[in-house]
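# Tertiary structure, described
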Amino acid sequence: MNLKKSSLKFTAILAIAGTTVFFSCSKEKEGISNPFTKHSEEDSKNIKEHLINAYGYAESAIQEYPEFFVVENDIVFEKKNFWTDYALETSVDAAGNKHYRGTYKVNPTGSAYVSIQSAVPSTWKTGVRDAMTAWNGLNGKIKFYEYLYPYPTTGIGLITVKYLDFGSSSTATARAPLPGSGGKPGSYIEINSNPNVSSASKKRTIAHELGHTINFHHTDGTSGTLITTGTSSCNTGTNSTSVMNGTSQVWGGFTTCDKAAYSTLYP
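Source: prediction; values computed, not measured.

### Some points on the pairing of strand E7 (residues 157–164)
Where burial is concerned, most of E7 is hidden: 7 out of the 8 residues are buried. Pairing geometry for strand E5 (residues 111–116) and E7, over 5 bridges, is parallel. Residue pairing in the sheet places Val114 in a bridge with Ile159 of E7.

### Focus: the nonpolar core
Membership of the largest hydrophobic core comes to 36 residues, with the highest contact counts inside it found for Trp135, Phe144, Leu210, Ile214 and Phe216. Elements supplying a minimum of two residues to this core: E5, helix H3 (122–136), E7, strand E9 (188–192), helix H4 (199–213) and helix H6 (256–265). Element by element, the count of residues in this core is highest for H3, at 6 residues. When residues no more than four places from it in sequence are discounted, the contact partners of Trp135 are Phe144, Ala207, Leu210, Gly211, Ile214, Phe216, Phe254 and Tyr262. Counting 13 residues, the second largest nonpolar core, distinct from the first, contains Ile47, Ile75, Phe77 and Tyr86.

### Comments concerning the sheet that holds strand E3 (residues 75–78)
The sheet built from 3 strands is open, its strands ordered E1-E2-E3 with antiparallel pairing. In this open sheet, the two edge strands, each paired with only one partner strand, are strand E1 (62–64) and E3. Each neighbouring strand pair of the sheet contributes to a mean axis angle of 25°, computed without reference to strand direction. Pairing of strand E2 (residues 68–71) with E3, which is carried by 4 bridges, proceeds in the antiparallel orientation. Bridge pairing in E3 links Val71 to Ile75. Each of E1, E2 and E3 touches helix H1 (residues 41–53); the most contacted strand, E2, lies at about 25° to it.

### Considering empty space enclosed by the protein
In the structure shown here, the tally under the stated rule is 2 cavities of 30 Å³ or more. Approximately 30 Å³ is the volume found for the second largest cavity. What lines the second largest cavity is His99, Trp135, Phe216, Val243, Met244, Phe254 and Asp258. For the lining of the second largest cavity, a count of residues per class yields 5 nonpolar, 1 polar and 1 charged.

### Things to note about the sheet that holds E7
Sheet architecture is open: 5 strands sit in the order E6-E5-E7-E9-E8, paired in mixed fashion. Because the sheet does not close on itself, it has two edges, and the strands there are strand E6 (143–146) and strand E8 (174–175). Sheet analysis places E5 next to E6, joined by 4 bridges and oriented parallel. Its bridge partner being in E6, Ala112 is matched across the sheet by Phe144. Along the sheet, H3 makes contact with E5, E6, E7 and E9, crossing E6 at roughly 150°.

### Quick word on the packing of aromatic side chains
Here the distance between the centres and the angle between the planes together describe a pair of aromatic rings. One pass over the structure, following the stated rule, counts 19 aromatic pairs. Ring centres of Tyr55 and Phe77 lie 5.2 Å apart, and the angle between their planes is 70°; this geometry places the pair in the edge-to-face category. With a gap of 22 residues between them, Tyr55 in the loop between H1 and E1 and Phe77 in strand E3 connect regions that are remote in the sequence. There is no split in this pair, since Tyr55 and Phe77 are both buried. Centroid distance Phe82 to Trp83: 5.0 Å. Interplanar angle 90°. Geometry classified as edge-to-face.

### Thoughts on the environment of Tyr266
As for its placement among the helices and strands, Tyr266 is situated in the segment after H6. Along the chain, Tyr266 and Val106 lie 160 residues apart, while their C-alpha atoms are 8.7 Å from each other. Every residue in contact with Tyr266, bar those within four places of it in the chain, is listed here: Lys105, Val106, Thr109, Lys141, Ile142, Ile214 and Asn215. Polar contacts involving the side chain of Tyr266 include one to the main-chain carbonyl oxygen of Ile214, which spans 2.8 Å.

Criteria and thresholds
Residues numbered from 1 in each chain as written. Predicted model: local features only at pLDDT ≥ 70, side-chain atom pairs only at ≥ 80, totals over all residues. Heavy atoms only, no water. Buried < 20%, exposed > 50% of the residue type's maximum accessible area, 1.4 Å probe, protein only. Helix = DSSP H or I, 4+ residues; strand = E, 2+ residues; numbered from the N terminus. Pairing = 2+ DSSP bridges. Core = buried A, V, L, I, M, F, W, Y, C linked by side-chain atoms within 4.5 Å. Contact = heavy atoms within 4.5 Å. Axes fitted to C-alpha atoms, helices over the stretch in contact; angles between N-to-C directions. 1 Å grid on protein atoms, 1.4 Å probe; cavity = no way out; pocket = protein on both sides within 12 Å on 5 of 7 lines; lining within 4 Å. Points joined across faces, edges and corners; volume = space filled by probe spheres on them. Nonpolar A, V, L, I, M, F, W, Y, C, P; charged D, E, K, R; others polar. Phe/Tyr/Trp six-rings, centres within 6.5 Å; stacked < 30°, edge-to-face > 60°. Polar contact = N/O pair within 3.5 Å; in protein donor to acceptor, adjacent residues only side chain to side chain.

The structure is reproduced here in structure tokens:
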């Protein structure tokens, strides 16, 4: 979503299960990948061109990091295994403010477990739990449960919530990847340790990122495939208060079109 002045900005990073390079001083940084992993310049160029030409992202919306690209500020695409997991995106719609999906759905559906790392502050942990409760309240095909001892099986997938410093080049509040070709939910949500946001915004932010992990794009973007809900107002009108809107911070809960898109994507 993009914060304008005091409003929250967090955009989706169409991410795959990778991690960013951050160095720990006083904060605990868990699960951070090797900052010296190298990817060929040519392959990085090809991936970026694919994100522009096949996904329809504006070049200005793409940020490159050593191990991944971040698109629209919060959707992560890892360079590793990119061509296996994300190469098949082919449908780009011309109008925004609608519900869009990526290539791969979560399959099978069922229970997804969310592991909150110890470095995540208590206020953010509350936001994560509240967001999970909100999604579960829709009674859809995917349920989110906290991964606690005694540890259960990981069900359809494990989503790890991390607390990191995104660095000065990022204005995102959080980011997450979409499901890849294996059919599992995006494997992590990363929270930026810098922005100071309200409790309500924390809940909304995590609800938005959970949406990415189960294959929802931004409603105010043009990338992905249109979700045809059968409700004409959802397919032709705007949905500025949708949980998947990438710029609005106004959220009073899931909209009628959010619910229609969810039940259409996972009937």
